[in-house]
Amino acid sequence: MRGDGEVALTPDGGEREAGEVDAGGFPALPRVEPRPPLLATAQRTRTFARGLWRIAAADVTCDNRVQLLRDGPATFDAMHALIDEARERLDFEGYIFRDDEVGERFREALIQAAMRGVQVRLLVDWVGRMGTPYRFFRVMERAGVKVKIFNPPGFHRWGGLLPRDHRKLVAADKLAGITGGIGVGKEWKHGVLRRRRSPWRDTAVRIAGPAAADMHESFDRMWTVAHEGRAKEIRLVRRPSASHLDPSVDPPSLVGIVEGVPGRMRASRALQMQSLSAERSIWIASAYFAPSLGLVEALAGAARDGVDVRVLVPSRFDHPWLRTLIAPFYQRLLKHGVRVWEWRGEMMHAKTSVVDGRWVRVGSTDINLLGVALNYELDAIIEDTAVGAEAEQMFLEDLERSRELRWWRSAPG
């Protein structure tokens, strides 16, 4: 990368400085013009609740209070408040759980909850916790916290390498829960680089209301998987309970908790469903963006159909070789009119999307093969224009701290 302006991405994966405007380019960051009205409510009543059930086996609830949480410090504070307020039940699920200043604070909070009589369960992925010794978790077990390490290596399918529990969840008393992309580690507090250190950019969401019960039920299923090696899959045989919900008459926010299960492609199909419904905008932030050809076609088709499709990705990765591997996916999208920005901070780790300023996704699912097809993941999908407006504003603020990539066509001859 050079400078703070836009960068042109050449067909061979190289970079080149781009001017502010060229004959075939886009303005760097246009103002959002007044938008035409969406389809009448009667025409789209069932697209969210019924669509999520059919595509992702997710029931939708209404009358939820939703708060977007930006970056680690604000999310950690909200998580600790939830832990401190828990009186009967507390479920904590994470991929990364470090033995550092952030992890030690959470360990003490979970111990204090268990000591005051709360049923505390902690589920941590074996690969994600690497670097954190088992004795770190045994301290919690001795204090009454039920701890389970997910899918350690052994003589079973894939030798324990796959699948991984990549979910992030804190839920208390069936009243409120927090999910998103933020792990328990100092990188989300102040970064890990020696120079130009900054907290990892990430997003989570706090949901209070009926959806919190869905979060607890989701944790119960993963707890069963961790102990028995497989889930008791009942979601495909029971009838939906809320596919009738209508955003024009049912109180916001409407929330569906989507459980990513190996082989089901639920998050990817939900995003394709939203791409089909989009009339004006699809804005995606994805830490490790390597979409399937089907999703590339869906996003490219939306862009060619006049939808404003934007993708925000990192410029620096926690694994430096990833950019070389992922860059070709940017090229496919750029040449079809999808606009791509790279975050200029230490690491952009969020997994979010906002469609038409109405549908918002916040969760753990990265748009790549591991995220959508092989790992266990968790996403909250929200329908609420107020939350959508806030998510759009957050996205635009992120673009101000990013640089846009351009598709560079070499001159003939």
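My aim in this report is to walk through the structure given alongside it, one point at a time. (Residues numbered from 1 in each chain as written. Predicted model: local features only at pLDDT ≥ 70, side-chain atom pairs only at ≥ 80, totals over all residues. Heavy atoms only, no water.)

**Concerning the nonpolar core**
- Ranked by internal contacts, the top residues of the largest apolar core, which has 83 residues, are Leu90 and Leu122.
- Top contributing element to this core by residue count: helix 4 (residues 101-115), with 7 residues.
- Beyond its immediate stretch of four places on either side in the chain, Leu122 contacts Phe92, Phe97, Leu110, Phe137, Met140, Val145, Lys146, Val147, Lys148 and Trp223.
- Val66, Met222, Val354 and Val360 belong to the second largest nonpolar core, which has 38 residues in total. (Core = buried A, V, L, I, M, F, W, Y, C linked by side-chain atoms within 4.5 Å. Buried < 20%, exposed > 50% of the residue type's maximum accessible area, 1.4 Å probe, protein only. Helix = DSSP H or I, 4+ residues; strand = E, 2+ residues; numbered from the N terminus. Contact = heavy atoms within 4.5 Å.)

**Some remarks on the packing of aromatic side chains**
- Under the criterion given, the structure shown has 11 aromatic pairs.
- Judged by centre distance (5.7 Å) and plane angle (80 degrees), the ring pair of Phe76 and Phe106 falls under edge-to-face. In this pair, Phe76 sits in helix 3 (residues 71-85) while Phe106 sits in helix 4, placing the two residues 30 residues apart along the sequence.
- A network of ring pairs unites the aromatic residues Phe76, Phe92, Phe97, Phe106, Phe136 and Phe137 as a single cluster.
- In this structure, Arg121 packs its charged tip against the face of Trp223, placed 5.3 Å from the ring centre.
- Here the basic side chain of Arg129 rests over the ring of Tyr134, its NZ or CZ set 4.7 Å away from the ring centre. (Phe/Tyr/Trp six-rings, centres within 6.5 Å; stacked < 30°, edge-to-face > 60°. Lys NZ or Arg CZ within 6 Å of the ring centre and 35° of its normal.)

**Re the pattern of salt bridges**
- Counted under the stated rule, the structure contains 21 salt bridges.
- Between Lys189 and Glu101 there is a salt bridge whose closest N-O contact spans 2.9 Å. With Lys189 in helix 6 (residues 187-190) and Glu101 in helix 4, this pair connects stretches of sequence that are 88 residues apart.
- Note on Lys189: relative accessible area 39%, which makes it partly exposed.
- Accessibility expressed as a relative area gives 41% for Glu101, which makes it partly exposed.
- Put simply, Lys351 and Asp366 hold a salt bridge, and the shortest N to O gap is 2.7 Å. In this pair, Lys351 sits in strand 15 (residues 351-355) while Asp366 sits in the loop between strand 16 (359-363) and helix 11 (369-374), placing the two residues 15 residues apart along the sequence. Taken individually, Lys351 and Asp366 each receive the classification buried, so the pair is uniform in this respect.
- Several salt bridges share partner residues, and in doing so they unite Arg70, Asp71, Arg201, Glu397 and Asp398 into one network. (Salt bridge = Lys/Arg side-chain N within 4 Å of Asp/Glu carboxyl O.)

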